[in-house]
Amino acid sequence: MNPKSFAVQRNVVALLVGVVFGLGLAVAGMTNPLKVLAFLDVAGQWDPSLMLVLGSAVGVSFVGFRAILRRQRPVFDVSFALPTRSDLDSRLITGAAIFGVGWGLVGYCPGPAIASLGFGNAEALWFVPAMLVGMFVRRRFEKAEKTAAQASPAADQAASNATA
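Structural notes, computed from the coordinates. Because the structure is a prediction, the values reported are computed rather than measured.

A closer look at the nonpolar core
The nonpolar side chains of a soluble globular protein tend to be buried, and buried together.
Logical step 1: With 7 residues, the main nonpolar core is built from Leu25, Met30, Val36, Phe39, Leu50, Trp103 and Cys109.
Logical step 2: The residues contacting Cys109, other than those within four sequence positions of it, are Phe99, Trp103 and Phe127.
Logical step 3: In terms of nonpolar packing, the next biggest core, distinct from the first, is built from 6 residues, Ala113, Phe127, Val128 and Met131 among them.

Laid out in structure tokens, this is it:
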């Protein structure tokens, strides 16, 4: 079947799943940065209630992935798009560190921040644009790195030809 024939169905399902996910974050309290910061404050007034959210997410993911991956293909696509890399590189570690620092400083990560926009949370109105600027800057750096990497072999080849 043509992958384009799945586009509308896939987008509708993605929208519905995103809405349900956002509502789940709101019900769980993850859109409240003070609750998240209290969860992260293990040395002070620690609020362990988000452990239930984490445990539930891990449990649902564990069962869901096992059930879904038994299928030949996804319902609205021709094949599964699963990650193939398993190494830890500097990009992954740096990104995780920036994510963790940002989460610890303001109590938001991308999903709850976007869900908080629906509630008009003032913090989210500042955080989400800053997050988008950070994403844009990172993409610009990636493009510059790729351009430099592609230019480097050509420059190396030209230098070796000049010395030969």
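Structural notes on the layout of surface pockets
Logical step 1: What the largest pocket holds in volume is close to 590 Å³.
Logical step 2: Considering the residues around the largest pocket, the lining is formed by 19 residues, among which Gly95, Ile98, Phe99, Gly134 and Met135 are closest to the centre.
Logical step 3: Breaking the lining of the largest pocket down by element, the ones donating at least two residues are α4 (90-106) and α6 (122-163).
Logical step 4: With 9 residues, the top contributor of residues to the lining of the largest pocket is α6.
Logical step 5: Of the residues assigned to the lining of the largest pocket, the class counts are 12 nonpolar, 4 polar and 3 charged.

Side note on the packing of helix α2 (residues 33-40) against α4
Logical step 1: Packing of α2 against α4 leaves a shortest axis separation of 8 Å and a crossing angle of 115°. Between α2 and α4, the crossing angle belongs to the class labelled roughly perpendicular. Residue-level inspection shows Pro33, Val36, Leu37, Phe39 and Leu40 of α2 in contact with α4, the latter providing Trp103, Gly104, Leu105 and Val106.
Logical step 2: Its residues assigned to classes, the contact of α2 with α4 shows 8 nonpolar, 1 polar and no charged.

Comments concerning the pattern of salt bridges
Logical step 1: Counting across every chain of the model gives 7 salt bridges.
Logical step 2: The residue Asp89 makes a salt bridge to Arg85 at a minimum N-O spacing of 3.2 Å.
Logical step 3: The partly exposed category is assigned to Asp89, whose relative accessible area is 23%.
Logical step 4: We classify Arg85 as exposed; its relative accessible area is 55%.
Logical step 5: When salt bridges that share partners are traced, they join Arg91, Arg138, Glu142 and Glu145 into one network.

Reading guide: rules and limits
Residues numbered from 1 in each chain as written. Predicted model: local features only at pLDDT ≥ 70, side-chain atom pairs only at ≥ 80, totals over all residues. Heavy atoms only, no water. Core = buried A, V, L, I, M, F, W, Y, C linked by side-chain atoms within 4.5 Å. Buried < 20%, exposed > 50% of the residue type's maximum accessible area, 1.4 Å probe, protein only. Contact = heavy atoms within 4.5 Å. 1 Å grid on protein atoms, 1.4 Å probe; cavity = no way out; pocket = protein on both sides within 12 Å on 5 of 7 lines; lining within 4 Å. Points joined across faces, edges and corners; volume = space filled by probe spheres on them. Helix = DSSP H or I, 4+ residues; strand = E, 2+ residues; numbered from the N terminus. Nonpolar A, V, L, I, M, F, W, Y, C, P; charged D, E, K, R; others polar. Axes fitted to C-alpha atoms, helices over the stretch in contact; angles between N-to-C directions. Parallel < 35°, antiparallel > 145°, perpendicular 65-115°, else oblique. Salt bridge = Lys/Arg side-chain N within 4 Å of Asp/Glu carboxyl O.

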